[in-house]
Amino acid sequence: MKSVQTGAVGKVDVVDIEQPVPGPRDALVRIRACGICGTDVTFIHMGGMPAAYAAARTEGPAPDRMVPVVLGHEPAGEIVAVGAEVSGLKVGDHVVVNPQGAPSGIIGCGGPLGGMNEYLLIEDAVVGKSVAVLPDSVPFEVAALNEPMAVARHCVNRSEAGPSDKVVVFGAGPIGLGVTIWLKLRGVRHVVVADVIPSRLETALAVGADAVIDSSTEDVVARLTELHGEGRNALGAPRPDTDIYIDAAGVPVVVNTALQNGKWGAELVMVAVHKKPEPIDIGAMLRSEMSIIASQGYPTEIFEVTPEIAEHAERFARLISHRIPFSEVEHAFELTLTPGAAEKVVVTFDD
């Protein structure tokens, strides 16, 4: 079968490998769609993974050597074989996968298995732990959003946002837009999305945002005050009456905007990856008594989101900017590697 792996720096390789054979406790999935994530892009930029972090796949310590990474941790597909000891699954079931549920290592993130393959072995297949079944009516490319939408859901869960809250989401990429959808499905009163790309802001409105801010041309603080009203910080200085700031952008200006303009008791939830240390205004945090909450991954949310993605499939489908056939997978990764060329790319596998 075909497998997509990291190649030279900035490149992917499509290689032939043996199709896996499931054991009695395993299942085999024919991949029908797989999303491309920023983590995939990071591995491609590095030309793989440092051998020191993949010691189980090397013959010995080699901290300066890079080893290939089998890509793809956002797969959806169809069960084509089920081991004799597996219950709750049958051939023909449409499924999504928990990348962190594989005992041999995280699927598509350093383990030996990847979702950007024609077939994926589900080791120790357990419904609700390593795999979940969803209705056949859900398009596979939408089902492939399950993993990133679990990341977005964990962020919203960490925020504890409720119906009376006023929220701003910085960054209208897939995670920020997913956060927006979950906030509105939760019944949150008012959600603003800020970004610098007009097409992303259009998508934010289409998926349910109450308002948007083009932070490349608009005064973010003035617009938040206009939209959410005026509050005060701990010293009585006027601030936007925004309750929750969510960083889905991963740039220092977002963090400092929240810290310097938060009202008394506001919170900042950080779901974006900041790739290097940056200075932030801790003193401003004191003046607002702002709480900073980190959101990492999806400890419990990977299949919590599945029924709702199925129920609201048309809304989630708006997050996909490009559907690229596997026969053009190199082009799919080129799009993702080119800043501004695509929002969310999902690779589809032909019948």
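Parameters and conventions
- Throughout this document, residue positions are counted from 1 along each chain, in the order its sequence is written.
- Totals for whole chains, interfaces and linings use every residue, but because this is a predicted model, local features are given only for residues with pLDDT of at least 70 and side-chain atom pairs only at 80 or more, for both listing and counting.
- Side-chain metrics in this entry use all non-hydrogen atoms of the structure; hydrogen atoms and water are not considered.
- Between any two strands, at least two bridges found by DSSP are needed for them to pair.
- Helix and strand assignments follow DSSP, with helices taken as H or I runs no shorter than four residues and strands as E runs no shorter than two, numbered in order from the N terminus.
- In this description, a line fitted to the C-alpha atoms serves as the axis of each element, helices being fitted only across the stretch in contact, and the angle between N-to-C directions of two axes falls anywhere from 0 to 180 degrees.
- The contact criterion used throughout is that any non-hydrogen atoms of two residues lie within 4.5 Å.
- In this scheme, a residue with accessible area under 20% of its type's maximum is buried, one over 50% is exposed, and one in between is partly exposed, where area comes from a 1.4 Å probe on protein chains only.
- Here a polar contact means two N or O atoms within 3.5 Å. Within protein one must be a hydrogen donor candidate and the other an acceptor candidate, and residues neighboring in sequence count only if both atoms are side-chain atoms.
- Aromatic pairs are defined between Phe, Tyr and Trp rings, using the six-membered ring for Trp, whenever the two ring centres lie within 6.5 Å; interplanar angles under 30 degrees are classed as stacked, those over 60 as edge-to-face, and all others as tilted.
- By this rule the span expected of a helix is its residue count minus one, scaled by 1.5 Å.

Student: Looking at this model, I keep getting lost on the sheet that holds strand S12 (residues 211–214). Mind explaining?
Tutor: Think of a sheet as strands paired side by side through backbone hydrogen bonds, with each pair either parallel or antiparallel. Spatially, S12-S11-S10-S15-S16-S17 is the arrangement adopted by the six strands of the open sheet, whose pairing is parallel. Looking at which strands have only one partner, the edges of the open sheet turn out to be S12 and strand S17 (291–294). Adjacent strand axes in the sheet meet at a mean angle of 20° when their direction is disregarded. Both strand S15 (residues 244–247) and strand S16 (residues 267–270) contribute to a ladder of four bridges, which runs parallel. Bridged to Tyr245 within S16 is Leu268. Most of the contacts of helix H5 (residues 198–206) go to S12, to which it runs at about 170°, and overall it touches strand S11 (190–195) and S12.

Student: Explanation requested: the side chain of Asn117 in the structure shown.
Tutor: Mapped onto the secondary structure, Asn117 falls in the loop between strand S7 (94–97) and strand S8 (119–122). For Asn117, a relative accessible area of 4% corresponds to the buried category. A distance of 2.7 Å separates polar atoms of two side chains, one belonging to Asn117 and the other to Ser3. Of note is the side chain of Asn117, whose polar atom sits 3.2 Å from the backbone oxygen of Gly114. With residues near it in sequence (within four places) discarded, Asn117 still touches Met1, Lys2, Ser3, Val4, Ile17, Ile31, Val70 and Phe349.

Student: Honestly, the environment of Gly162 in this entry has me stumped. Any pointers?
Tutor: Looking at the element boundaries, Gly162 is found in the loop between helix H3 (146–159) and strand S10 (166–170). Other than its neighbours up to four places away in sequence, Gly162 contacts Val188 and Arg189.

Student: Would you mind going over the packing of aromatic side chains with me for this structure?
Tutor: Taken as a whole and assessed by the stated rule, the structure comprises two aromatic pairs. Considering the side-chain rings of Trp182 and Phe316, the 5.1 Å spacing of their centres and the 50° angle between planes classify their relative orientation as tilted. Placement of Trp182 in helix H4 (residues 174–185) and of Phe316 in helix H10 (residues 313–317) is noted, with a sequence separation of 134 residues between them. Look at Phe326 and Phe349: their rings are 4.6 Å apart centre to centre, the planes differ by 20°, and that puts the pair in the stacked class. With Phe326 in the loop between strand S18 (322–325) and helix H11 (329–337) and Phe349 in the segment after strand S19 (345–348), this residue pair connects regions lying 23 residues apart in the sequence. Look at Phe349 and you get buried, because its relative accessible area is 9%.

Student: Before we go on, may I ask you to explain H4 in this structure?
Tutor: The α-helix winds at 3.6 residues per turn, so residues separated by three or four positions along the chain end up facing the same way. With 12 residues, H4 extends 16 Å between its outermost C-alpha atoms, agreeing within 8% with the 16 Å of an ideal straight helix rising 1.5 Å per residue. Those residues of H4 lying buried are Gly176, Leu177, Gly178, Val179, Thr180, Ile181, Trp182 and Leu183. Backbone geometry just downstream of H4 places Gly187 in the positive-phi region, at approximately 90°.

Student: Teacher, can you tell me more about the environment of Gly297 here?
Tutor: Within the element layout of this structure, Gly297 appears in the loop between S17 and helix H9 (306–311). We classify Gly297 as buried; its relative accessible area is 14%. Taking the C-alpha atoms as reference, Gly297 lies 7.6 Å from Ala150; in sequence the two are 147 residues apart. If we ignore the near neighbours within four places in the chain, the residues touching Gly297 are Ala150, Val151 and His154.

Student: Just to check I follow, could you spell out the environment of Glu267 for this structure?
Tutor: Of note, Glu267 is situated in strand S16. Of the residues examined, Glu267 reaches a relative accessible area of 15% and is grouped as buried. Spatially, the C-alpha atoms of Glu267 and Met290 are 5.2 Å apart, while their sequence positions differ by 23 residues. If we skip the residues at most four places from it in the chain, Glu267 touches Ser159, Asp243, Ile244, Tyr245, Met290, Ser291 and Ile293.

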